[in-house]
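Below, each chain spelled out in residue letters.
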Amino acid sequence: MIKKIMLSGVACAALLAGSYAVAQTKPAAAHAAHAAATGKPELGAWGVDLSGMDKTANPGDSWYNYVNGTWDRTTEIPADKSSWGGFGVLAELSNTRTRTLVEDIASKPAAQGSNEQKIGDLYRSYMDEAAIEKAGIEPLKPYLARIDAIHSQTDLAAAFAEANRTGVGSPIGIGIQQDLKNNSLYAAYVGQGGIGLPDRDYYTEAKFEPIRAKYVEHVTNMLRLAGISEPEARAKRVFELEKDIAATHWSRVQSRQTEKLYNPKSLAELAQMAPGFDWTTYLKGTGFADQSRVIVAQPSAIEGTAKIIASAPIDTWKDYLTVRTIRASAPMLPKAFVDENFAFAKVLTGTPQLPDRWKRGVGVVNGVLGEAVGQAYVSRYFTPETKAKADELVHNLIRAMDARLANLTWMAPETKAKARVKLAAFTPKIGYPDKWRDYSALQIVPGDLVGNAFRARAFEYNRQLAKMGKPVDKGEWFMTPMTVNAYANPVMNEVVFPAAILQPPFFDPNADMAVNYGAIGAVIGHELSHHFDDQGRKYDPQGNLADWWTAADVERFKTGTDKVIAQYGGYEPVKGTHVNGELTLGENMADLAGLAVAYDAYKLSLHGKADRVIDGYTGDQRFFLGFGQVWRNKMREAAMMQQLTTDPHSPGQLRPNVVRNFDQWYKAFNVTSGALYLPPEQRIHIW
């Protein structure tokens, strides 16, 4: 996935998704211990779990079923999950390992102010349910009292600023990101935010009407639990206010267009563009009053929201901030709040069971002190040998990508030359950062869970704010080592692979290399190619947003991307709801390019020799099986609907379909017909 500017409340964040899956007959930790002890692959005899296949399925009808059909029929989604797959399995392993580390740290004395003290006290404050129940709503009352003291538009702007600082969020968000056109500097970005449902479409589309009703009920229940009077009436007012805000929002497809998000404004121009809001107070409260300019991400949304801020009654805004504060704090409050919070999450995702408290506690510690935990994690679980082998794979994929760029027939020679310069400038980051984050300014108080949560969010806000005016930290990571994912960051011109994804089914140093190239190789190729997808291509070889393709290149490229949009838009994973081909274009293109580059890198690794046959499977067959296996995925329908509405990734079980565009796949499995079959002239070849 590609790191995007998505301002919602506070943050500029990486969008991470995709659900992988793999069959497990033993706990994941037992598999890892077995592999380490025996030197054998964790999956099957050479890296693929053949027992999970359905060899009665026609690969041309469903490649997913052929590779994963038996697994899919026999695997249940765990009760505390909305989906299950390789990502989920590895996340469980990562959580289990992290729990061991955190509980070990929490069991020992630690020096005041040390990372160990903060990890231990934060985890203990979360796990002490008796103390949380005894405290009740009291820890939240000071924050609610400040909201109750709002009496003017100036007070409201100051409250929105505070909500940004503490992660509660407000209708207008502000945060830090590298300047897209001068990536040696940090800039302030202002963008849309402030709705409680996952996307603007949830407020208007008929299919989400039952969810809207449940949402109003949920907000009512939260207000009632907090002892707020007239909860039903207040909940309805808050919903109508959010509906008005959502109506101003850009769609996900609109917000994908990076160049349209870059709208620099002086502070005077900002106030003129979006009158009705006390920008002076807001910018002072958020720490940006001394800036000469900000970059507005969605101008019409900010203009429309400013009008709503000016026109809606102050009391309605107080209700709005009260709801947001309670919902942001619910996981840290007594069981009644936790249960109500989860009840609505169940509506959105279909997940039937709340995860065990230790899992939620580990998640809190990871979210607050991720690199402090990560330092211990990689020391125990990520070997230098794995890092070295992964680094070798990445460089082989870069070689393969370079060869593909050099041989493109549709791109102008001058553009190809710049593209290859851009590729050569890539920084691959493997496993963990070279420099660990400094948490010395974060205060964690024993037994004060709600306070710890607010202080942690304010600490992260202030850490970001402190970047302004300083050189860009090119060593910064936007994922922890325990994260099972990867990302491309075009402004940094980098690809990043945390330690936790460098495990089976993605990467197994004991597995057949054809399988590894089909699995982690496709992931690496995916991330590399993001720098050249429909949005990544807009960043030049130095990582700045700029036009560097010829007009003819762009037109020829669009011919290919239109085909990708149409192909994926034809998939209907839920009856009546298709994949949004425009929203998912970048990720689908990255799957297409990533697999092509991985295949080339696999062939390069053979140095011109034919690969061996193992158990009757050729190297090409093992390559495509390795790729198909990582996409084992099951998802609950509510979660699927949310993904189809909000996520730039196609559902996991559809992503193996990309093979239908590869001549080598047809040849390897003798595919001559079926629902996936495409005549050679209809197969999409861009990279």
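Since this is a predicted model, take the numbers as computed values, not measurements.

Enquirer: With reference to specific residues and values, describe the overall build of the protein.
Expert: Helix and strand counts for the protein come out as 24 helices and nine strands. Here the protein has a C-alpha radius of gyration of 25 Å; the compact-globule value for 687 residues is 26 Å, and the two agree. Within the protein, the proportion of its 687 residues that are buried is 60%. When contacts within the protein are restricted to residue pairs at least 6 apart in sequence, long-range pairs at least 24 apart make up 75% of them. For the protein, the accessible area works out to roughly 26,400 Å², and carbon and sulfur atoms hold 52% of it. Charge-centre separation for the protein: the mean point of 76 positive side chains lies 2 Å from the mean point of 75 negative side chains.

Enquirer: I'd like to hear about the environment of Phe-557, residue by residue, with values.
Expert: Following the sequence through the fold, Phe-557 ends up in helix α20 (residues 551–569). Separated by 90 residues in sequence, Phe-557 and Lys-467 place their C-alpha atoms 37 Å apart. Not counting residues up to four positions away in its chain, the partners in contact with Phe-557 are Trp-410, Phe-532, Asp-533, Asp-534, Arg-537, Trp-549, Met-589, Ile-686 and Trp-687.

Enquirer: Describe the packing of helix α6 (residues 141–148) against helix α13 (residues 314–329), listing the residues and the values that go with them.
Expert: One way to put it is that α6 packs onto α13 with a least axis distance of 9 Å and a crossing angle of 165°. On the basis of the axis angle, α6 is roughly antiparallel to α13. As for the relative orientation of α6 and α13, their crossing is right-handed in sense. Contact with α6, carried on its side by Tyr-143, Leu-144, Ile-147 and Asp-148, involves Lys-318, Leu-321, Thr-322, Thr-325 and Ile-326 of α13 and no other residues of that element. For the contact of α6 with α13, the per-class residue count stands at five nonpolar, two polar and two charged.

Enquirer: Outline the environment of Leu-180, listing residues and values.
Expert: As for its position among the elements, Leu-180 is in the loop between β2 (172–179) and β3 (182–192). Look at Leu-180 and you get buried, because its relative accessible area is 1%. Distance in space between the C-alpha atoms of Leu-180 and Phe-627 is 34 Å, their sequence separation being 447 residues.

Enquirer: Can you break down the packing of aromatic side chains residue by residue, with the values?
Expert: With the rule as written, the count across this model stands at 39 aromatic pairs. Measuring from centroid to centroid gives 5.4 Å for Phe-160 and Trp-317, while their planes differ by 80°, and the two rings are edge-to-face. With Phe-160 in helix α7 (residues 153–165) and Trp-317 in helix α13, the pair connects residues that are 157 residues apart, well separated along the chain. We note that Phe-160, like Trp-317, is buried. Site record: aromatic cluster; members linked through ring pairs are Trp-410, Phe-426, Phe-532, Trp-548, Trp-549, Phe-557 and Trp-687. Its end group placed over the ring of Tyr-126, Arg-357 keeps NZ or CZ at 4.2 Å from the ring centre.

Enquirer: Residues and numbers for the sheet that holds β3, please.
Expert: On the basis of which strands lie adjacent, the open sheet formed by four strands has the order β2-β3-β5-β4 and mixed pairing. In this open sheet, the two edge strands, each paired with only one partner strand, are β2 and β4 (263–266). When the angles between neighbouring strand axes are averaged without regard to direction, this sheet yields 35°. Across eight bridges, β2 lies against β3 in antiparallel orientation. Its bridge partner lying in β3, Asp-179 is registered against Asn-182.

Enquirer: Run through the pattern of salt bridges, naming residues and quoting values.
Expert: By the definition in use, this model includes 40 salt bridges. The residue Glu-138 makes a salt bridge to Lys-141 at a minimum N-O spacing of 2.6 Å. Salt-bridge contacts for Glu-494 lead to Lys-429; the nearest nitrogen and oxygen are separated by 2.7 Å. With Glu-494 in strand β8 (residues 494–498) and Lys-429 in strand β6 (residues 427–431), this residue pair connects regions lying 65 residues apart in the sequence. Each of the two residues, Glu-494 as well as Lys-429, counts as buried. Salt bridges linked by common partners bring Glu-371, Arg-437, Glu-460, Arg-463, Lys-467 and Glu-476 together as one network.

Enquirer: Could you give an account of α20, naming the residues involved and the relevant values?
Expert: The end-to-end C-alpha separation of α20 is 26 Å, in line with the 27 Å expected for 19 residues at 1.5 Å each. Among the residues of α20, those classed as buried are Asp-553, Phe-557, Gly-560, Thr-561, Val-564, Gln-567 and Tyr-568. The secondary structure elements touched by the buried residues of α20 are α17 (413–424) and α21 (585–605).

Enquirer: Before we move on, could you go through the environment of Ser-673 and cite the residues and values that matter?
Expert: By the element assignment, Ser-673 lies in the segment after α24 (663–669). Exposure remark for Ser-673: the relative accessible area of 39% places this residue in the partly exposed category. For the pair Ser-673 and His-395, spaced 278 residues apart in sequence, the C-alpha to C-alpha distance is 37 Å. Setting aside its immediate chain neighbours within four residues, Ser-673 contacts Asn-58 and Gly-60.

Enquirer: Give me the nonpolar core: which residues, what numbers.
Expert: By size, the foremost hydrophobic cluster in this structure holds 191 residues, and its most contacted members are Trp-63, Trp-279, Tyr-282, Trp-317, Phe-624, Leu-625 and Trp-687. Sequence-distant contacts of Trp-317, defined by excluding residues within four places in its chain, comprise Leu-156, Phe-160, Pro-171, Leu-241, Ile-245, Ile-308, Ile-309 and Ala-312. Within the second largest apolar cluster, eight residues are counted, among which are Leu-180, Ala-187, Tyr-262 and Tyr-539.

Enquirer: Tell me about the packing of helix α9 (residues 231–248) against α13, residues and numbers included.
Expert: Direction vectors running N to C along α9 and α13 enclose 95°, while the axes themselves pass 9 Å from each other. It follows that α9 is roughly perpendicular to α13 by the angle criterion. Of the residues in α13, those touching α9 at Arg-234, Arg-237, Val-238, Leu-241, Glu-242 and Ile-245 are Thr-316, Trp-317, Asp-319, Tyr-320 and Val-323. When the residues that make up the contact of α9 with α13 are grouped by side-chain class, the tally is six nonpolar, one polar and four charged.

Enquirer: So what's going on with the confidence of the model for the protein? Which residues, and what values?
Expert: Summing up the model confidence of the protein, the mean pLDDT is 93 and the portion of residues at 70 or higher is 95%. Scored below 50 in pLDDT, residues 4–35 shows 112 contacts in the model against residues more than four places distant or in partner chains.

Enquirer: Tell me what's going on with helix α15 (residues 357–381), and back it up with residues and numbers.
Expert: For an α-helix, the turn length of 3.6 residues means that residues three or four places apart are oriented alike. Compared with an ideal rise of 1.5 Å per residue, which puts 25 residues at 36 Å, α15 spans 24 Å between its outermost C-alpha atoms and falls more than 12% short. Remark: the principal bend of α15, roughly 105°, maps to Leu-369.

Enquirer: Any details on the pairing of β2? Residues and values, ideally.
Expert: Buried residues dominate β2, accounting for eight of its eight residues. Counting the residues that bridge the hairpin from β2 to β3 gives two residues.

Enquirer: So what about the sheet that holds strand β7 (residues 487–489)? Which residues, and what values?
Expert: Taking strand neighbours across the sheet as the criterion, the three strands line up as β6-β8-β7 in an open arrangement whose pairing is mixed. The open sheet has two edge strands, β6 and β7, and neither has a second partner. Strand after strand, the sheet turns through a mean of 15° between neighbouring axes, direction not considered. As paired elements, β7 and β8 share three bridges and run antiparallel to each other. Bridge pairing in β8 places Tyr-487 opposite Val-496. Sheet contacts for helix α16 (residues 384–406): β6 and β8; angle to β6, the most-contacted strand, approximately 150°.

Calculation rules
Residues numbered from 1 in each chain as written. Predicted model: local features only at pLDDT ≥ 70, side-chain atom pairs only at ≥ 80, totals over all residues. Heavy atoms only, no water. Helix = DSSP H or I, 4+ residues; strand = E, 2+ residues; numbered from the N terminus. Rg over C-alpha atoms; globule rule 2.2 N^0.38 Å. Buried < 20%, exposed > 50% of the residue type's maximum accessible area, 1.4 Å probe, protein only. Contact = heavy atoms within 4.5 Å. Areas by Shrake-Rupley, 256 points an atom, 1.4 Å probe, with all protein chains shown as cover. Lys, Arg positive; Asp, Glu negative; His and termini not counted. Charge placed at Lys NZ, Arg CZ, Asp CG, Glu CD. Axes fitted to C-alpha atoms, helices over the stretch in contact; angles between N-to-C directions. Parallel < 35°, antiparallel > 145°, perpendicular 65-115°, else oblique. Left-handed = near helix turned anticlockwise from the far one by under 90°. Nonpolar A, V, L, I, M, F, W, Y, C, P; charged D, E, K, R; others polar. Phe/Tyr/Trp six-rings, centres within 6.5 Å; stacked < 30°, edge-to-face > 60°. Lys NZ or Arg CZ within 6 Å of the ring centre and 35° of its normal. Pairing = 2+ DSSP bridges. Salt bridge = Lys/Arg side-chain N within 4 Å of Asp/Glu carboxyl O. Expected span 1.5 Å × (residues − 1). Core = buried A, V, L, I, M, F, W, Y, C linked by side-chain atoms within 4.5 Å. pLDDT = per-residue confidence, 0-100. Bend = angle between axes of the 7 residues up to and from the residue.

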